[in-house]
Amino acid sequence: MDTSAFIAGFNPFSSGEEHVTTPMVEDEVWNSLIALRIKTAVESGKLKIMLPSAEFLAKAKGYATSLGDSFVLSETDIQLLALALQLQTTGKNPIIVTDDYSIQNVATKMGLEFASLAAFGIRRLIRWVCYCPACHQKYPPNVKSKTCRVCGSELKRKPQKTERTLK
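### Here's the deal with the nonpolar core
Okay, so step 1: The biggest cluster of nonpolar side chains holds 19 residues, and the ones touching the most others in it are Leu 73, Leu 81, Ile 96, Val 106 and Met 110.
Okay, so step 2: If you list the elements that add at least two residues to this core, you get helix 4 (54-67), helix 5 (75-89) and helix 6 (101-110).
Okay, so step 3: Here this core takes six residues from helix 5, the largest share from any one element.
Okay, so step 4: In terms of nonpolar packing, the next biggest core, distinct from the first, is built from twelve residues, Met 1, Phe 10, Val 25 and Val 97 among them.

The structure is reproduced here in structure tokens:
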């Protein structure tokens, strides 16, 4: 479960499925009514808080970097993707509930399912490229800096390649 799912109003009590999220998702909503809903769901056993292993965090970061989404994904997003991948390797079929298109993009590349609540969801897998809008210098998707090394302008990203259409 991503933070956006809870913000969109998802209620873990509304289904009989097992729901899992990461500690960082819980931290993102610490001072709101959503935090109360999460706390109640955890206490009643409807929601589990799990931390993915370092091995799966590294894999999720690698996928995000290869697509150019690491530029916009937060550590919380990476944790969520890593946890889903880790659960998948244990024989479960995790479905990431999120409206975040970058999470959906990386999840698709990782072979993970996702479900949107308030948005339509992605239709294509996108590989991004970072570039400087001022001097047009291009950077690899794993660029660490958010500013251009040539002119100092803030970097942007644009789709480089659409790999396939999703169903």
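Still more to cover.
### Some details on the side chain of Asp 69
Okay, so step 1: Here Asp 69 lies in the loop between helix 4 and helix 5.
Okay, so step 2: Looking at Asp 69, its side chain comes within polar contact range of the side chain of Ser 102, at 3.2 Å.
Okay, so step 3: The residues contacting Asp 69, other than those within four sequence positions of it, are Ala 64, Ser 102, Asn 105, Val 106, Ile 126, Trp 128 and Arg 157.

### Notes on the layout of surface pockets
Okay, so step 1: Volume-wise, the largest pocket comes out at about 480 Å³.
Okay, so step 2: Put simply, the parts of the chain that give the lining of the largest pocket at least two residues each are strand 1 (19-21), helix 5 and strand 3 (95-97).
Okay, so step 3: The dominant element in the lining of the largest pocket, judged by the number of residues it contributes, is helix 5, at four residues.
Okay, so step 4: There is about 200 Å³ of room inside the second largest pocket.
Okay, so step 5: Forming the boundary of the second largest pocket are Asp 69, Tyr 101, Ser 102, Asn 105, Phe 120, Gly 121, Ile 122, Arg 123, Arg 124, Ile 126, Trp 128 and Arg 157.
Okay, so step 6: Listing elements by their share of the lining of the second largest pocket, those giving two or more residues are helix 6 and strand 5 (124-131).
Okay, so step 7: Residues of the lining of the second largest pocket, tallied by class, amount to five nonpolar, three polar and four charged.

### Details of the packing of helix 5 against helix 6
Okay, so step 1: At a minimum axis distance of 11 Å, the contact between helix 5 and helix 6 shows a crossing angle of 25 degrees. When the axes of helix 5 and helix 6 are compared, the pair comes out roughly parallel. As helix 5 packs across helix 6, the resulting crossing turns out to be right-handed. In contact with Asp 77, Leu 80, Leu 81, Leu 85 and Gln 88 of helix 5, helix 6 contributes Ile 103, Val 106, Ala 107 and Met 110.
Okay, so step 2: Considering only residue class, the contact of helix 5 with helix 6 consists of seven nonpolar, one polar and one charged.

### Quick word on the pattern of salt bridges
Okay, so step 1: As enumerated under the stated definition, the model contains five salt bridges in all.
Okay, so step 2: Close ionic contact of Glu 18 with Lys 92 constitutes a salt bridge, the shortest N to O distance being 3.5 Å. Here Glu 18 is found in the loop between helix 1 (3-7) and strand 1, whereas its partner Lys 92 is found in the loop between helix 5 and strand 3, with 74 residues between them in sequence.
Okay, so step 3: Here Glu 18 falls in the partly exposed class, since its relative accessible area comes to 45%.

### Description of unusual backbone geometry
Okay, so step 1: In this model, His 136 sits at a positive phi of 65 degrees, which is unusual for a non-glycine residue.
Okay, so step 2: One can find His 136 in the loop between strand 5 and strand 6 (138-139).
Okay, so step 3: Classification of His 136 by relative accessible area gives exposed; the value is 61%.

### Describing the pairing of strand 5
Okay, so step 1: The buried fraction of strand 5 amounts to six of the eight residues, a majority that puts the element mostly inside the structure.
Okay, so step 2: Relative to strand 6, strand 5 runs antiparallel, the two sharing two bridges. Paired with Cys 130 across the bridge in strand 6 is Tyr 139.

The rules behind the values
- Residues numbered from 1 in each chain as written.
- Predicted model: local features only at pLDDT ≥ 70, side-chain atom pairs only at ≥ 80, totals over all residues.
- Heavy atoms only, no water.
- Core = buried A, V, L, I, M, F, W, Y, C linked by side-chain atoms within 4.5 Å.
- Buried < 20%, exposed > 50% of the residue type's maximum accessible area, 1.4 Å probe, protein only.
- Helix = DSSP H or I, 4+ residues; strand = E, 2+ residues; numbered from the N terminus.
- Polar contact = N/O pair within 3.5 Å; in protein donor to acceptor, adjacent residues only side chain to side chain.
- Contact = heavy atoms within 4.5 Å.
- 1 Å grid on protein atoms, 1.4 Å probe; cavity = no way out; pocket = protein on both sides within 12 Å on 5 of 7 lines; lining within 4 Å.
- Points joined across faces, edges and corners; volume = space filled by probe spheres on them.
- Nonpolar A, V, L, I, M, F, W, Y, C, P; charged D, E, K, R; others polar.
- Axes fitted to C-alpha atoms, helices over the stretch in contact; angles between N-to-C directions.
- Parallel < 35°, antiparallel > 145°, perpendicular 65-115°, else oblique.
- Left-handed = near helix turned anticlockwise from the far one by under 90°.
- Salt bridge = Lys/Arg side-chain N within 4 Å of Asp/Glu carboxyl O.
- Pairing = 2+ DSSP bridges.

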